[in-house]
Structures are given as C-alpha cells and as structure tokens.
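# Reading the structure
What follows is the residue order along each chain.
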Amino acid sequence: MTDSKPTLPTPAERAAVLRTEIEQHNVRYYTQDAPTVSDADYDALMRELQAIEAEHPELVTAESPTQRVGAAPQAEFGSVRHAVPMLSLGNAFEEDDVTAFDKRVSDTLRNAGLLAADAQVTYFCELKLDGLAISLRYEDGLLVQAATRGDGQTGEDVTANIRTIKEIPGRLKGPAPKVLEVRGEVLMTRADFERLNQAQAERGEKIFVNPRNAAAGSLRQLDSRITGQRRLTFFAYSWGEVQGLPRGESDVYDEPAPGVREASTLPRDSHGDMLAWLAEIGLPVNVAHNHRAQGAAGLMAFYRQVGEIRADLPYDIDGVVYKVDALPAQRVLGFVARAPRFAVAHKFPAEEATTELLGIEVQVGRTGAITPVARLAPVFVGGVTVTNATLHNEDEIRRKDVRVGDTVIVRRAGDVIPEVVGPVLQKREGDPPLFVMPTACPVCGSAIERLEDEAIARCTGGLFCAAQRKQTLLHAAGRKALDIEGLGEKLVDQLVESGRVKSLADLYSLKGAELAALDRMGEKSAENLVQAIDKARQPTLGRLLFALGIRHVGETTARDTARHFGSIDAVMNADEEALLAVPDVGPVVAGSIHRFFAEPHNREIVDLLRQQGVEPVAEAQPQGTTLAGKTFVLTGTMPNWTREEATMHIQAAGGKVSGSVSKKTAYVVSGEDAGSKLKKAQELGVTILDEDGLKALLGQG
Ligand code: IVH
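Rules of the game
Residues numbered from 1 in each chain as written. Predicted model: local features only at pLDDT ≥ 70, side-chain atom pairs only at ≥ 80, totals over all residues. Heavy atoms only, no water. UniProt positions renumbered as here; feature names shortened; annotations may be inferred. Pairing = 2+ DSSP bridges. Helix = DSSP H or I, 4+ residues; strand = E, 2+ residues; numbered from the N terminus. Axes fitted to C-alpha atoms, helices over the stretch in contact; angles between N-to-C directions. Buried < 20%, exposed > 50% of the residue type's maximum accessible area, 1.4 Å probe, protein only. Contact = heavy atoms within 4.5 Å. Parallel < 35°, antiparallel > 145°, perpendicular 65-115°, else oblique. Left-handed = near helix turned anticlockwise from the far one by under 90°. Nonpolar A, V, L, I, M, F, W, Y, C, P; charged D, E, K, R; others polar.

Per an unreviewed UniProt entry, the protein is named DNA ligase, and its organism is Bordetella ansorpii. For the protein, the Sequence similarities (unreviewed entry) comment in UniProt is given as "Belongs to the NAD-dependent DNA ligase family. LigA subfamily." Within the UniProt record for the protein, the comment given under Function (unreviewed entry) is "DNA ligase that catalyzes the formation of phosphodiester linkages between 5'-phosphoryl and 3'-hydroxyl groups in double-stranded DNA using NAD as a coenzyme and as the energy source for the reaction. It is essential for DNA replication and repair of damaged DNA."

Okay, here's the thing in structure tokens:
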C-alpha cells in the first residue's frame, strides 16, 4: 500500500476553514445565546485568521469575520439600522500589546500636533462588562427605540424588552438633546443569574451557562413579560448619533461650529466629561470604577487594580477598556474596519475553558459532607492549570446533566475553587450513564446519608472517619485558626493514618524526634513545626473557637463571640439566650454553639487542650473605637482608593458602609463625579469628607 501523506492546507484554504468555523460560533454566541467554545478558544481562532490575513492581505474580504462584528439579526425581531455603526474593540492580551497601543496613539497624536513631545496621553479607563451591547435612542429626551448590536450595521429591535429594565430612564433629565443614542452594556449580576438558574431548574427549563448568556437570552425574548421577570441591569459607556446638544455641550463627533460655545458654560470635550453628563441626565454610568490614567504605566496600574477586585464585583467582566480621553484626539485617530483606533480592550485571562471530564470521584469534608469532584484533562483557565473541579452535589450533577466522557465548560474565577459549569451537549457521544452517589463512605465505609430537604449527602462516620479527622486538623491548623505553619496535608495524612493523632489535643504532644522520622520531614522542619505548635499554645480566644470547627461559626462570628464572653468557660457555659446577645448571632448560630458544647466529647477536647498547656488569650477590642458603629456612605471616584479598598479600611476600623444617605449616616466620603448622594448629604447636613479626610479620620493621614 502506498502511503499518501496529507498535504498541509494553503493559507487560503485554512482561512476559509477558520471563517466558516468562526461564523458558526458567531451564530451560536450572538443569535442562539448558546456558545460551544470558550471565549479563549474563540479568540485563538480569530487571532489565527488575523495573522493569516496580515501576511496575505489579498485574502481579506469584506465578509471576513475579522472585518465585521457579531451575527446578522434574527428575523423574529424588527430590524434597526444603526445611524452610527456599533463597532467592536481591538484586543490586548499582554503588557506589550498595551505598550504598543500607547505608542501608536502617542505617535499619531504627536504628528498631528495634539500631544507635546514630552507629554503622556490621558486615557479614560473602564471595566469591560461581560453582557451585550445595546443602543438606546432618545429623541427630545424620550426613549423611542432600543436595539442590539447585530452585525454592527443592523441590530434587532428590543425596545419593549428594554423598557422593563428599571435603571434605563424612559425620559432624560434636564434640557434634552434632539437626538441622543446612548451605547452601553446590558448585564445580569451573578446573584441574579444564580437565582434565575435555580428558578429555571425548578421549572425544568433551560439552564444558562453564564450571566452573559442569561442576559442575552433574557433580552432577546419575544415576550417582554418574560424579560420583565428577569433582573437585568445597564451601564452606559459611549454614544452613537448625537444632534442638537443643549448649549454648552460640544458637538461630540461633529466639529463644533465656531463661536457656538459660550465661555461661561462647561465644555464636554472629553470622553469622561461626556459620561459625567450622561450620568447627570439620568443614565447609569459605572462611576465607581471609571478612572483617568496617564500613559502605558497608568493603564497597567488600572489593569492590576481591577484584577484584584474582579472576583468581588457583583457582575462578570472580561477585561478593561482604555479610551483616549480627549474627543478631538479620538477624531484624529479614527477607525479601522471593525474597531476604533483610539480604544482597546485589555482582556483578563479567561475564566472559562472547555476540557474532557475523565471521571467523577467523591471527597469527604470536615463535617462529613460528600462532594463529587470532577477529574479533568488538564486545562489552563483563570491563569492556572486545572485538573480537578467541584461538581457541588448530586442534584447539581443531574441539573447540569454532566456525564463522564463529556466535553465540559470549567470555570475558575479569582481564588474561587474551580467548578464544572456544564456539558457541551453537541459534543456528547452516545448516552453515557448518569452519576450515582455511592452508599458507603469511600474512606471509612460508614453509611452515606442524605437528609430530606438537604442537598448534601454526608458520611455518618463522624471523627471515626479518617477523612473527617484529617480535615478537622487541617482546618484547625489553618491560617485563620491556630496558624500552625508547616502542618500540611501530607503530614496530617501520616499522623492520622498511623493513629498517632486522634484529636486536636494530640497535636500538642508531638515530639521533634517522631516528626523527623516521618516521610518528607527533616530534623530542621520537624524542629520548626514543634516551634509553630508551641506558638499555637496561646491563640486568641477567637482563633481557638474558630479552630474547633463549630458548624456555622466562621472567623468573624468566632471573634465576636470571643470579644463578648472573654473566656472559653464563659462561652461553654452560655445558654442560647446569652449567645443571642453577641452582635450578628441569630438562633441558628446560637443553637449550633450551644449544642457543640453540650456534647461531652467536645468539652473533653477543651480539657485535653488545657492539659497540653493551651491557654487562649483575650481577643483585642477593635482598633479606632471612635468609628465603631459609625455609618459611612461612599460616592464618586476617589483619587487613589477604590471603593472596595475604602470599605475595607472603614470596616477594619469598626465602621460600616451603607449604600444610601440618611440622618443616621455619620460621614459621606465624596470623590470625583459624586452624584445624588452628595446632594442628599448636603441637604441633611451630614459631614462630608474627601479621600484625604477619610485617611486622616482613620489615622492614616
Ligand atoms: S466601548 C467603539 N466600553 O465590548 C467602541 N465596550 O469587544 C464601542 N464592552 O461591543 C465599545 N464594556 O459590548 C466599550 N466599557 C466598555 C465596554 C464595552 C463592555 C463590550 C461591548 C463591545 C465589546 C467590544
């Protein structure tokens, strides 16, 4: 037999294959709201096609997905021709891409005489919201039409659905422009997404894979009553056609007519000022996170700052967007086929990826909870390689219909444990069997029980189960509990399996020599561990309470309880009523603490700990007690601190942060672009601080 080697495709053939594939993904993503590849995989296809086209410009056609955005609108909705096309954004992935963008912009602006030789470009930085782009058309201040982006030229008419979003005003405040097209993102918060999926599951209806798809699916409903039942939200970040701005506003993209602007009125000739004006006339603008920055270094600083708070945001973002702030400079930079040259999206590492589900195993936790864990073909997601992901519980596996052998979507957001989002059903082969929960604990053989009304199955072995004992010890040794450095999983495995350590108290009798004899332990590390254990003989009372692993008692509750009672005996002897007097402790927590100490073997552990010389020390009272119980409201953008940072500092000093101003508000901290909260504070005579004032109050001035 002759061996016929497959020949490599020519660039033209490869480009054709990529175009077809990208078109199919566009339809699944934009029209069906049901993508089958992750954003990262999609970006990779797009980049490959862009690279081929860059090398072979003769292959570029107007129809290529690199030259257009989105997918053609669906016929069920009326179509809307955009007066100004809705474009996409170029992407930056690495720092080098950002530096190159800044260099291109600076060079062009210097050549045009718009930037001094030694000056840096001012950018307006925003979050890249992961929802869907919408254009809202206001005529004489009234909302007359709303459209999706569609293919960038023509979108779908979703006016009726948009009217159900309460953040979007039907009428603008103040003197109205003749025409104003507001562009922005419709999105769903993660909490609303979870709630929606739960309700969908209860009704046996479609489960959405992420908030973006849920938002798109909800907005593109033919029956707007359905949209109305879904909580969607909106942020404005740009504009399209603008005609007849009220006096004092610049003409945005049209050259201002000479002499029109009055010297006494505020010019709006920057992107940031335009957004501030949109906020003034009643549109939701993401003031908390928008920020001005200088040059590439300023952009990178913003990127890093946002990266740190990304996981704490209530909604998904997939990057940040940098826009040249000055509108005249934007005009000079202009556009390429599908994106402006004056802006770029700097993407975060993708939080979702697809991979193969190799198997499902179960893990036993500290309280006996059995968690099914997915074993995965290694996949790079959220910046790390993931091989295991949680499947939460049996019901979740059924709800998501995940089966061994499936191609699955894996998500790793921030430091959150990776999870399996769901299968890509199009790729399933045959009818693989459903997962069944084992009836006996794989570690100790005790029965696995699942109480009615509970989603979680549990091993009934208690501390007889080596897995539960190990997890209890690891929890107690953790950083927020007794903080015993060097007591890791491998060591705990050996100590429990040999029977040497049965309870927390046994840890304190460990000797250097016996530790040094264990696997992977040298004399030095054994000695260090003995010292770390010794140091843990005087934990604060809060840490000890947390270390005991009482159900429903987290780090904060443990600390509050410790502060309230002052000694372990007082906590052990408190009845439920006494426990309810601790701030933020309700009946569930009080009952749990009381039951824990009613168990003789738990009291015995406390006795054994004492015999080993463990003496908790009193919990320090909160610092800066002047702020204790004081309520703060934050408004506008502070020059240095993000809202999250300011909140953290205020809380650390004993204060509280609230969302609305009332007579009870002690201070309003006001930054740039402060809104109605500042006005209300002035009306009520509440003390107003800026960032420096806040720092001084916190003793950080
Ligand atoms: S500006 C002409 N700003 O990202 C530029 N877009 O990849 C118009 N997006 O279609 C877009 N957050 O759906 C802009 N702060 C933001 C954004 C943003 C999310 C989306 C938008 C756009 C896509 C481009």
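Resuming the write-up.
Spatial strand order, β5-β4-β7-β8: four strands in an open sheet with antiparallel pairing. Edge positions in the open sheet fall to β5 (142-148) and β8 (233-243), since each of these has one partner strand only. Taking each pair of neighbouring strands and ignoring which way they run, the sheet shows an average axis angle of 25°. With eight bridges joining them, strand β7 (residues 179-187) and β8 adopt antiparallel strand pairing. Bridged to Leu187 within β8 is Thr233.

This paragraph deals with helix α18 (residues 555-565). Those residues of α18 that fall on the buried side of the exposure criterion are Thr557, Ala558, Asp560, Thr561, Ala562 and Phe565. Lining the buried residues of α18 we find α17 (541-547), α19 (568-573), α20 (576-580) and α21 (587-598). Backbone geometry just after α18 places Gly566 at a positive phi near 85°.

Quick look at the UniProt feature "binding site: NAD(+)" (unreviewed entry) in the protein now. Mapped onto this numbering, the UniProt entry gives "binding site: NAD(+)" (unreviewed entry) at Asp39, Ala40, Asp41, Tyr42, Asp43, Ser88, Leu89, Glu126, Arg149, Glu185, Lys323 and Lys347. In sequence the annotated residues extend across 309 residues, and in space they extend as well, their farthest C-alpha pair lying 26.0 Å apart. Here Tyr42 lies in helix α2 (residues 39-55). Apart from residues lying up to four places away in sequence, Tyr42 is in contact with Ile22, His25, Asn26 and Val37. With respect to the helices and strands, Arg149 occurs in the loop between β5 and β6 (154-156).

This part covers the environment of Ile484. Within the element layout of this structure, Ile484 appears in the loop between α12 (466-477) and α13 (489-497). In contact with Ile484, not counting residues within four places along its chain, are Ala477, Leu507, Leu529, Ala532, Ile533 and Ala536.

As a packed pair, helix α5 (residues 190-202) and helix α6 (residues 211-219) sit with axes 10 Å apart at the nearest point and diverge in direction by 70°. Considering their axes alone, α5 and α6 lie roughly perpendicular with respect to each other. The interaxial crossing formed by α5 with α6 has left-handed handedness. Contact with α5, carried on its side by Arg190, Phe193 and Leu196, involves Pro211, Ala214 and Ser218 of α6 and no other residues of that element. Counted by class, the contact of α5 with α6 contains four nonpolar, one polar and one charged residues.

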